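Secondary and tertiary structure notes
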Amino acid sequence: MGDGLRIYLRDIWFKYDAKGEWALRGITIYFNSGEATIIKGHNGSGKTTLMKISSLIYRPTSGSVIINDHDFWNLSDRDKISFRRRVAFVHDKPIMLRGSVRRNIEYSLLIRGIEEEEVRKRCDEVIEELGLKTIENRSSNRLSAGQAQLVAIARALVTEPEIIFLDEPFAYLDNEKRKILVRALRGRREEGVGIVIVSHEPEIALQIGIDRVITMENGEISNISFLR
Amino acid sequence: MYLDSEVIDIALRTIYISGSATLLASLWSIPISYTMAMRKPRSSVEAIFEALVGLPTVLLGLLLYYLFNSSGPLGFLQLLYTPTAMIIGEAILITPILISVSYRYTKTYSKQISELAISLGATRIQTQVLIIRETSAGLTASIIMGFSRAMGELGIALMVGGNLKDYTRVMTTAIAFDVSRGEFERGLVLGLLLLLIMILIAIAIKSLGVVGARG
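Residues numbered from 1 in each chain as written. Chains lettered and ligands numbered in written order. Predicted model: local features only at pLDDT ≥ 70, side-chain atom pairs only at ≥ 80, totals over all residues. Heavy atoms only, no water.

**With respect to the pattern of salt bridges**
Counted under the stated rule, the structure contains 25 salt bridges over all chains. Among the salt bridges present, the one from R178(A) reaches E201(A), with a minimum N-O distance of 3.1 Å. With R178(A) in helix α6 (residues 175-191) and E201(A) in the loop between β8 (194-198) and α7 (202-205), the pair connects residues that are 23 residues apart, well separated along the chain. Between D211(A) and R189(A) there is a salt bridge whose closest N-O contact spans 3.0 Å. Of this pair, D211(A) sits in the loop between α7 and β9 (212-217) while R189(A) is found in helix α6, placing the two residues 22 residues apart along the sequence. Neither residue differs from the other here; D211(A) and R189(A) are each classed as buried. Here the salt bridges do not stand alone but share partners, grouping D4(B), E6(B), R169(B), D178(B), R181(B), E183(B) and R186(B) into one network. (Salt bridge = Lys/Arg side-chain N within 4 Å of Asp/Glu carboxyl O. Helix = DSSP H or I, 4+ residues; strand = E, 2+ residues; numbered from the N terminus. Buried < 20%, exposed > 50% of the residue type's maximum accessible area, 1.4 Å probe, protein only.)

**Here we look at the packing of helix α4 (residues 83-119) of chain B against helix α5 (residues 124-134) of chain B**
Residues and elements named next belong to chain B. Closest axis-to-axis distance for the α4/α5 pair is 9 Å, and the angle between their directions is 140°. Looking at the two axes, α4 sits oblique to α5. Taken as a pair, α4 and α5 cross one another with a handedness that is right-handed. In this structure, α4 contributes Y105, S110, I113, S114 and A117 to the contact, and α5 contributes T127, L130, I131 and E134. Residues of the contact of α4 with α5, tallied by class, amount to five nonpolar, three polar and one charged. (Axes fitted to C-alpha atoms, helices over the stretch in contact; angles between N-to-C directions. Parallel < 35°, antiparallel > 145°, perpendicular 65-115°, else oblique. Left-handed = near helix turned anticlockwise from the far one by under 90°. Contact = heavy atoms within 4.5 Å. Nonpolar A, V, L, I, M, F, W, Y, C, P; charged D, E, K, R; others polar.)

**Focus: the pairing of strand β4 (residues 62-67) of chain A**
Residue and element names in this part refer to chain A. Across five bridges, the pairing between strand β1 (residues 6-14) and β4 is antiparallel. Counterpart to I7 in the pairing with β4 is I67. With two bridges connecting them, β4 and strand β5 (residues 70-71) associate as antiparallel partners. Counterpart to I67 in the pairing with β5 is H70. Adjacent in sequence and paired antiparallel, β4 and β5 are bridged by two residues, among which N68 carries a positive phi angle near 45°. (Pairing = 2+ DSSP bridges.)

**Some points on the packing of helix α8 (residues 171-180) of chain B against helix α9 (residues 184-207) of chain B**
Residue and element names in this part refer to chain B. Remark: α8 packs on α9, axes separated minimally by 8 Å, with the N-to-C direction vectors making an angle of 160°. The orientation of α8 relative to α9 falls into the category roughly antiparallel. Here α8 runs over α9; the crossing is left-handed. Contacts from M171, T172, A174, I175, D178 and V179 in α8 reach F184, R186, G187, L190, G191, L193, L194 and I197 in α9. Within the contact of α8 with α9, the residues separate by chemical class into nine nonpolar, three polar and two charged.

**Focus on the packing of aromatic side chains**
For the structure shown, the criterion picks out seven aromatic pairs over all chains. For the pair Y105(B) and Y109(B), a centre-to-centre distance of 4.7 Å together with 50° between the ring planes defines the contact as tilted. A residue pair is termed a helical-turn pair when its members lie 3 or 4 positions apart in one helix, as Y105(B) and Y109(B) do in helix α4 at four residues. Its relative accessible area of 22% is what places Y109(B) among the partly exposed residues. Within the aromatic cluster, the residues linked to one another by ring pairs are F14(A), Y16(A) and Y58(A). Here the basic side chain of K15(A) rests over the ring of W22(A), its NZ or CZ set 4.5 Å away from the ring centre. (Phe/Tyr/Trp six-rings, centres within 6.5 Å; stacked < 30°, edge-to-face > 60°. Lys NZ or Arg CZ within 6 Å of the ring centre and 35° of its normal.)

**Topic: the interface of chain B and chain A**
The partner chain A presents 23 residues to the 24 residues of chain B that form the contact. The interface formed by chain B and chain A contains three salt bridges. Two residues, E115(B) and K52(A), come together in a salt bridge whose shortest N-O distance is 2.8 Å. For the interface between chain B and chain A, the tally reads twelve residue pairs in polar contact (both at pLDDT 80 or more). Secondary structure elements with two or more residues in the side of chain B that touches chain A: α4 and α5 of chain B. Take the side of chain B that touches chain A: its biggest share by element is seven residues, from α4(B). Looking at the side of chain B that touches chain A residue by residue, the class counts come to nine nonpolar, nine polar and six charged. (Polar contact = N/O pair within 3.5 Å; in protein donor to acceptor, adjacent residues only side chain to side chain.)

Structural data, given as structure tokens:
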């Protein structure tokens, strides 16, 4: 895990287009490796936008994203990629790449230049852990929504992120798959991985061992509860 | 039998001319559609390309005839009534189809693929490669549509090709020629053959694996 990762958002404002409304209004928050957080709020409250800014995908309209004391958006491309490879984000609607389930999971390791044997070993582990063995060679366009969701999560977990952001990870999962995912995330939580979950079903997410619950409303944080 | 060596020659020539035109048009259309998808042009630019999809072939044929005839601005190239002129004309004709179809598909998927690639830690080049790979289904669809349009057009083939026997005669001009001299049955056979070739080539391109449906 190294020294751990700390992503600090300072006075973040964001709008999707210049003439549009503010999706986020002056958000200040941090996310650390080793902590688990739930973000909740109504549709359109800014949860997904906050996740995408925190996971270093979107650049805020104003405000700073400080990552381990570096202003992320002022870093060189090489440094940006290096930090991005330490976090992971899983979309609420899983985006599958063409090809097999295994190819989808391998992709995130192959772009890091990891050796083939190591790629195979890490993929085998995560495929086993998330119960994807029977579908590992299935084409990604023949998966159910729940299977695709688990593959997207496997693709993120296989990179061994220090903080993982999951947008509605339980949405398409049946009870059995939910149990598998809870177990996998609780394991990561115990290993010191930071977990940030947007969920409309906080009672499931709480089984992971949550430290904080952030409530959002109209692009602002309306409440933060510390559970530990 | 109508399927004699002349018909086979005509069919092969049609495939060669339409295939070359499609390749040529792809050279500029695909980069343009990717650039448009990345830069989000004004909707008027999209509208222009969509409107040009219905460009009358006789109008384009007339313009090219003006350019290529011996007293025209490009007359010195001596391209009129050659397969090259037909290839150029058909390439111009299908450019709007290639651009608008591939752009529509690329625009839809490039944002989410790009977001996914960034979230997985891809470099700028890896992101571009992934976008191209993942949107290749849309590109192939546009190529098939462009090829079919090129094969089925008559105006340009007639005006800048001239329907010269054993040189520029293609399926559509041969059909028109047969009908004009009352050989309807031969024209019908050629028409069905044209349709069959279009369908077979579309299936072949699809199954070559150049494409695959996006999951």
